[in-house]
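Listed here are the chains, written in short residue letters.
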Amino acid sequence: MTLESLDTPGVPPLNGHTRVILDTESKKGKFVKQKSEASSSGATAELNIMNDSMMTNESSVANQSYMTSLSVAGQTDKSVGANSNNSVKSNVSSTAEIKAEGVEMVCKFYAKVAGDKKKCLLRDVAITENGELLITDSKNRNIKVFNINGEHIRSIQHQDLKDPYGIASMGDSKFVVSDCKAKDLKIFKLTGELEEKVLGNLNEYPLKSPRGVAINSKGEIIVSDSVHQCVYVYPRGGAFCDIIWGEAGLKPLMFKNPSYVGVTREDDIVVSDYFSKKIAVFDAQTHDLKFTYGTKPEDKRLSYPRGVATDALGNILVADNYNGKIHYVNGEEGTFIQFVYGDKHSIHRIRSVACDSAGHMVILQNGGRVKVFDISQMHAKPPSDKGEDEEHEGEKEDATTPNDTTSPNA
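Residues numbered from 1 in each chain as written. Predicted model: local features only at pLDDT ≥ 70, side-chain atom pairs only at ≥ 80, totals over all residues. Heavy atoms only, no water.

Undergrad: Looking at this structure, I do not really get the pattern of salt bridges. What am I missing?
TA: Working definition: two side chains of opposite charge can pair if their charged atoms are close together. Enumeration over the complete set of coordinates arrives at 11 salt bridges. Notably, a salt bridge pairs arginine 154 with glutamate 132, separated by 3.6 Å at the nearest N-O pair. Of this pair, arginine 154 sits in strand β11 (residues 152-157) while glutamate 132 sits in the loop between β8 (122-127) and β9 (133-137); the two residues are 22 residues apart in sequence, bridging distant segments of the chain. Aspartate 137 is the partner of lysine 144 in a salt bridge, and the nearest nitrogen-oxygen pair spans 3.3 Å. Beyond isolated ion pairs, a larger network of salt bridges with shared partners links Glu97, Asp343 and Lys371. (Salt bridge = Lys/Arg side-chain N within 4 Å of Asp/Glu carboxyl O. Helix = DSSP H or I, 4+ residues; strand = E, 2+ residues; numbered from the N terminus.)

Undergrad: For this particular structure, what's the right way to read the environment of lysine 139?
TA: Within the secondary structure layout, lysine 139 lies in the loop between β9 and β10 (142-146). A sequence separation of 16 residues divides lysine 139 from arginine 123, and the C-alpha atoms of the two residues are 9.7 Å apart. Beyond its immediate sequence surroundings of up to four residues, lysine 139 is in contact with Lys118, Lys119 and Leu121. (Contact = heavy atoms within 4.5 Å.)

Undergrad: Looking at this structure, how should I read the confidence of the model for the protein chain?
TA: On average, residues of the protein chain carry a pLDDT of 74, and 64% of them reach 70 or more. A low-confidence stretch, residues 403-409 stays under pLDDT 50, and its non-local contacts, those more than four residues away or across chains, total 18 contacts. (pLDDT = per-residue confidence, 0-100.)

Undergrad: How do you make sense of the nonpolar core when you look at a structure like this?
TA: For soluble globular proteins, the rule of thumb is that nonpolar side chains tend to be buried together. Residues Ile326, Val340 and Met361 are the most contacted members of the largest nonpolar core, which totals 19 residues. When contributions to this core are tallied by element, the ones reaching two or more residues are β27 (316-320), β28 (325-329), β29 (336-343), β30 (350-355) and β31 (360-365). Sequence-distant contacts of valine 340, that is, excluding residues within four places in its chain, are made with Ile98, Lys99, Ala100, Val103, Leu317, Ile326, Tyr328, Met361, Ile375 and Met378. Among the nonpolar cores identified, the runner-up in size contains 18 residues, and Val106, Ile135, Ile148 and Val372 belong to it. (Core = buried A, V, L, I, M, F, W, Y, C linked by side-chain atoms within 4.5 Å. Buried < 20%, exposed > 50% of the residue type's maximum accessible area, 1.4 Å probe, protein only.)

Undergrad: Explain the packing of aromatic side chains here, please?
TA: This structure, assessed with the given rule, holds 11 aromatic pairs. Here tyrosine 165 and tyrosine 260 contribute two aromatic rings whose centre-to-centre distance is 5.7 Å and whose plane-to-plane angle is 45 degrees, an arrangement assigned as tilted. Remark: tyrosine 260 occurs in strand β22 (residues 258-263) and tyrosine 165 occurs in strand β12 (residues 164-171); sequence separation between them is 95 residues. Tyrosine 260 carries the same exposure label as tyrosine 165, and that label is buried. With a centroid separation of 5.1 Å and 45 degrees between ring planes, the pair formed by tyrosine 274 and tyrosine 304 is classed as tilted. Of this pair, tyrosine 274 sits in the loop between β23 (269-273) and β24 (278-282) while tyrosine 304 sits in the loop between β25 (289-293) and β26 (305-310), placing them 30 residues apart in sequence. (Phe/Tyr/Trp six-rings, centres within 6.5 Å; stacked < 30°, edge-to-face > 60°.)

Undergrad: When you look at the pairing of β8 in this model, what are you seeing that I'm missing?
TA: Regular strands show a simple pattern: their side chains alternate between the two faces of the sheet. Judged by how many residues are buried, β8 sits mostly within the fold: 6 of 6 residues are covered. Hairpin connection from β8 to β9: 5 residues lie between these consecutive antiparallel strands, with glycine 131 at a positive phi of about 85 degrees. (Pairing = 2+ DSSP bridges.)

Undergrad: What exactly am I supposed to notice about the sheet that holds strand β20 (residues 230-234) here?
TA: Backbone-to-backbone hydrogen bonds join strands into a sheet, with any given pair of strands oriented parallel or antiparallel. Pairing within the open sheet is antiparallel, and its 4 strands lie in the order β18-β19-β20-β21. If you trace the sheet from one side to the other, it starts and ends with β18 (210-215) and β21 (242-244), each paired once. The sheet shows a mean angle of 25 degrees between the axes of neighbouring strands, direction not considered. As paired elements, β18 and strand β19 (residues 221-225) share 4 bridges and run antiparallel to each other. Its bridge partner lying in β19, valine 213 is registered against valine 223. (Axes fitted to C-alpha atoms, helices over the stretch in contact; angles between N-to-C directions.)

Undergrad: Help me understand the sheet that holds strand β7 (residues 104-110) in this model?
TA: Taken together, 4 strands build an open sheet; the order of strands is β7-β32-β31-β30 and the sheet is antiparallel. Edge positions in the sheet fall to β7 and β30, since each has one partner strand and no second. Ignoring strand direction, the axes of neighbouring strands in this sheet form an average angle of 15 degrees. Examined bridge by bridge, β7 and strand β32 (residues 369-374) share 6 bridges and lie antiparallel to one another. Note that in β32 the partner of cysteine 107 across the bridge is valine 372.

Structure representation (structure tokens):
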């Protein structure tokens with residue numbers, strides 16, 4: 001792919017890359033149109049680039065320096081931005097990221113779009129049956145829809161949507177989203193129409209702070225509640241079904257802060273427990289605890305895990321928020337396989353992860369960053385037995401709780 005024109009001083013075109021850089025100096029508020037041709041397919045991509053006047057007013061210096069950067073599948077590129085002195089510098093060095101063998105970058109982009117009035121606070125991501133990305137943004141109170149290449153399709157906003165958090169595709173062109181402030185679940189059509197609200201058991205266990213949400217093969221809705229410190233299971237239609245407190249046979253409140261949830265190929269329920277720094281997996285039928293990961297001596301250390309997902313092989317991907325890594329865990333035994341991805345920059349903490357059957361992995365990072373990877377070739381390779389202990393040597397646990405955990409809606 002050849003870049004036809006890019007008038008940014010000191011930044012030469014890169015062969016084989018499409019790089020989009022916002023102009024922070026012109027401040028003219030006009031669109032710049034730029035075309036690129038893919039030599040392999042002859043396809044033409046047309047990219048619209050806005051200057052940063054629409055997105056930097058509320059952003060921190062760190063977010064101002066992060067600019068939209070798209071990469072062709074299988075190739076990576078640095079994000080380039082301007083600091084407060086308008087000097088060009090690299091925001092993410094090429095040595096900051098680690099990827100497992102067979103993992104290739106598809107694209108990366110900044111999720112703030114026209115119409116957003118605040119900086120993004122991305123919570124969760126899901127991939128629809130059509131390959132579209134659904135991303136919740138609690139600051140802008142909307143759901144953003146992108147294609148797998150990072151092109152914005154539309155944003156879904158509704159007057160009843162107060163604080164969208166977890167999201168899951170339901171099939172049938174529908175999705176469910178948890179709303180922390182409204183204390184309910186909302187089922188939308190992909191076209192944006194609100195179809196149904198799920199309020200929970202109003203008599204005994206009303207939803208208090210719904211967070212992560214997932215859908216199993218039966219169409220049941222699984223949702224975590226960080227205030228009640230449990231996980232609810234609702235059949236299709238929203239009637240109350242069951243509660244998972246933690247470990248079977250023990251008293252309630254075994255979770256410290258159940259955050260995100262997922263399901264395996266066998267419909268086992270995966271829960272990330274943020275403050276316990278572990279994930280727990282429960283049997284699909286009995287809801288008994290099968291195993292945990294993150295607390296055993298042989299496990300790799302988890303530091304405030306958030307999003308969880310299951311890949312085509314039934315293994316589990318865990319977003320290690322504070323360490324900035326994606327752990328790849330055996331879905332049957334709960335044993336560590338390898339790190340799929342890591343970002344050594346602590347400000348780029350990973351909030352959520354999603355996978356689809358085509359082998360795409362999507363991660364959300366702080367500051368509105370979204371990255372899409374192709375992990376299909378990783379599946380074709382045996383897991384590397386090379387240890388990652390060197391990555392942990394000298395890595396000390398921060399004595400303080402991360403800033404974004406102090407609020408019940410963190």
